[in-house]
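Understanding the architecture of this molecule
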Amino acid sequence: MTTPQFDLWLDGANTPAAVRFERHSPFDGTLAGTFADGGEQDAAAAVGSARRAFDDGPWPSSPARRRFEILTETARLLTANADLLAERMVRESGKPVTLALGEVAASARCLEYYAGLALAVEGSAVSERNPGALGLILREPVGVAALITAWNFPLLGVVCKLAPALAAGCTVVAKPSHLCPGPTMLLAQLLGTAGLPGGVFNVVTSQREQGAVVGQHFASSRAVDKIAFTGSTATGQAVMRAAAGNAKRVALELGGKSANIVFPDAPLADAARTAISAFTFNSGQQCSAGSRLLLHRDIHDEFLALLVEHAGKQVLGDPAEAATTMGPLISRRQHERVLGYLDLGRAEAKLVTGGGSHGNFVEPTVFDGVDNSSRLAQEEIFGPVLSVIPFTTEQEAVALANDSAYGLAGGVWTGSMDTAFRVVRGVRTGKMFVNCYNTAGLDDMPHGGYKESGTGREFGHAGLEEFQELKTVQILLR
Ligand code: NDP
């Protein structure tokens, strides 16, 4: 199997860097690809390219129809190259190929969605307050947008920021995670093939040490107007501080510790199956994982038995195999971090199932009787580890769900819509699932966090508005 080499993507072309780095598969350690190790100068070159493309280039003032065509053509190219893109994710991140293909399909849908919205952007007019005047409210692109992204959704995590940015007329610099940079590079090439003008999308890859340098350059640059970040809360805070210099607009998609709440009148078999996928999907490496299970005491034993049954159905293995449902964790470092939480769980709670590990794999692991104030229940583990916390009353469940620094997602399982709505209104998170968890198929709805889960929204109309400025015009009629 050949090992692809990727350069930087600047001004619409591959641009070699002086230094390169390697990425190895977290599954079997084979070389997955070599990448440009970009630094401060490359970051400055990328920002300069995007700035010129915004200030002097055709993109911000291009007709909506042109943006629609480029976005739909890119969606078509993504679909046509789905196997190639999925293979990148499999090799660099260990994501199971079925999930990777699903991510390509979701990315294509996202591009199509924002292609449609590009045609529908319209302002409004105000005339009632003063009949002798007319007010116009225009929507303009925010300018140069910097995207700093993570490895867990290495294609969709970029596309869900890039598609609305391009639809709005912004130009973009991107810095993917050093752990899975390939999909962003392939995306850049496909955008070039689709006809995106040079300079509108630029990518700087770099290894870990340089990643912070490039990310901080983007976040602090006065030539960047907006930053959209996905990653840890600590890095998000560093991005926010750096962005303060020119008061740039900041969107942060950070972590979570979401509560999935199950009442006795829920469809229990379905709830248990979904509770497992809620914390094992992508091997638990997802911000909106349902990693706390709030379980009503009346169904405690019955439900735990169902959890054990469904956990046993997960297939850990070669991510290139279609039957695999859980791949390895992204890195040795992440694996060791998760093992530390397993030790903590064994010491503080009762191990119900799992707890084993080999290579970079961790079995789906369920701990029962977890104290909601413990580190196990409060910290984002980013691995397949579920904390079960028993409750008796609805008020108690809502209070437990809210007793978290995070506020990203949550689920409620019940046969009563009254209960469901009270809980939905009571839990302070950006997203709630009723009798499902990540499985309703409504992936164009806004996504983002309350509290320390972040600020801003991705997807939906709200995702487009993140990349738009409002300009008001007051016209005195003579
Ligand atoms: P980070 O937050 O460190 O990395 C996210 C992105 O930020 C990467 O592109 C990274 O580059 C970049 N970056 C790193 N340092 C800086 C900096 N100082 N300024 C600007 N950008 C920077 O996450 P990790 O990948 O290290 O994962 C650590 C933990 O974060 C996970 O265990 C998980 O808890 C959480 N996380 C949450 C995610 C989510 O979806 N909400 C996604 C990923 C992680 P580089 O890769 O080159 O270091």
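About the cut-offs
Residues numbered from 1 in each chain as written. Predicted model: local features only at pLDDT ≥ 70, side-chain atom pairs only at ≥ 80, totals over all residues. Heavy atoms only, no water. Domains from an automatic or database assignment. Contact = heavy atoms within 4.5 Å. Buried area = accessible area lost by both parts, 1.4 Å probe. Polar contact = N/O pair within 3.5 Å; in protein donor to acceptor, adjacent residues only side chain to side chain. Helix = DSSP H or I, 4+ residues; strand = E, 2+ residues; numbered from the N terminus. Nonpolar A, V, L, I, M, F, W, Y, C, P; charged D, E, K, R; others polar. UniProt positions renumbered as here; feature names shortened; annotations may be inferred. Buried < 20%, exposed > 50% of the residue type's maximum accessible area, 1.4 Å probe, protein only. Core = buried A, V, L, I, M, F, W, Y, C linked by side-chain atoms within 4.5 Å. Pairing = 2+ DSSP bridges. Axes fitted to C-alpha atoms, helices over the stretch in contact; angles between N-to-C directions. Near = heavy atom within 4 Å. Areas by Shrake-Rupley, 256 points an atom, 1.4 Å probe, with all protein chains shown as cover. Phe/Tyr/Trp six-rings, centres within 6.5 Å; stacked < 30°, edge-to-face > 60°. Lys NZ or Arg CZ within 6 Å of the ring centre and 35° of its normal.

**Overview of the domain arrangement of the protein**
Parsing the protein into structural domains produces domain 1 (5-254 + 454-475) and domain 2 (259-443). If you average the C-alpha positions of domain 1 and of domain 2, the two centres end up 31 Å apart. Between domain 1 and domain 2, the contact holds 24 residues from the first and 28 residues from the second. Here domain 1 meets domain 2 over a buried area of about 2,000 Å², counting both sides, of which 60% is carbon and sulfur. Our count for the domain 1 to domain 2 interface comes out at seven residue pairs in polar contact (both at pLDDT 80 or more). Elements represented by at least two residues in the side of domain 1 that touches domain 2 include exactly helix H3 (82-93) and helix H4 (97-120). Of the residues forming the side of domain 1 that touches domain 2, the biggest block, five residues, is contributed by H4. Tallied by class, the residues present in the side of domain 1 that touches domain 2 amount to 12 nonpolar, five polar and seven charged.

**Describing the UniProt feature "active site" (unreviewed entry) in the protein**
Here the UniProt feature "active site" (unreviewed entry) sits at Glu253. Its relative accessible area of 7% is what places Glu253 among the buried residues. Those residues in contact with Glu253 that sit more than four places away from it in its chain are Phe229, Thr230, Gly231, Cys287, Leu408, His447, Ser453 and Glu458.

**Details of the nonpolar core**
Among soluble globular proteins, nonpolar side chains are generally buried collectively. Leu78, Leu147, Leu166 and Phe201 are the most contacted members of the largest nonpolar core, which has 59 residues in total. For this core, the secondary-structure elements that each account for two or more residues are helix H2 (64-80), H3, H4, strand S7 (144-148), helix H5 (156-168), strand S8 (171-175), helix H6 (182-194) and strand S9 (201-203). Here this core takes 11 residues from H4, the largest share from any one element. What Leu166 contacts, discounting residues up to four positions off in sequence, is Trp59, Arg67, Leu71, Val172, Leu191, Leu196 and Val200. Counting residues in hydrophobic clusters, the runner-up holds 27 residues, among them Leu376, Ile389, Phe391 and Val398.

**A word on the sheet that holds strand S12 (residues 259-262)**
Here we have seven strands laid out as an open sheet, ordered S14-S17-S18-S13-S12-S20-S21, and mixed in their pairing. If you trace the sheet from one side to the other, it starts and ends with strand S14 (350-353) and strand S21 (433-434), each paired once. Alignment of S14 against strand S17 (residues 365-368), held across three bridges, turns out to be antiparallel. Its bridge partner being in S17, Lys350 is matched across the sheet by Asp368. Contacts between helix H11 (residues 332-348) and the sheet are confined to S14, S17 and strand S18 (385-391), with S17 contributing the most and set at about 30° to the helix.

**Some remarks on the site of the ligand**
If you check the shell around the ligand, you find 28 residues, and the closest are Thr149, Trp151, His178, Ser232 and Leu254. In the environment of the ligand, an oxygen atom lies 2.9 Å from a nitrogen or oxygen atom belonging to the side chain of Lys175. In the environment of the ligand, an oxygen atom lies 2.8 Å from a nitrogen or oxygen atom belonging to the side chain of Ser232. In isolation the ligand exposes 870 Å². Once the protein is present, 90% of that is buried. Only helix H7 (208-220), strand S10 (226-230), helix H8 (233-243) and H11 provide two or more residues apiece to the shell around the ligand. The element contributing the most residues to the shell around the ligand is H7, with five residues. Residue contributions to the shell around the ligand reach at least three from each of two domains, namely domain 1 (5-254 + 454-475) and domain 2 (259-443).

**Brief notes about the packing of aromatic side chains**
Under the counting rule described, the total for this entry stands at eight aromatic pairs. Ring geometry for Phe6 versus Phe35: centroids 5.3 Å apart, planes at 10°, classification stacked. Taken as a pair, Phe6 in the segment before strand S1 (8-10) and Phe35 in strand S4 (residues 31-36) lie far apart in primary sequence, 29 residues in all. On the accessibility criterion, Phe6 (6% relative accessible area) is buried. On the basis of relative accessible area, Phe35 is assigned to the buried category, the value being 0%. In this structure an aromatic cluster arises from ring pairing among Phe6, Phe21 and Phe35. In this structure, Lys226 packs its charged tip against the face of Phe467, placed 4.9 Å from the ring centre.

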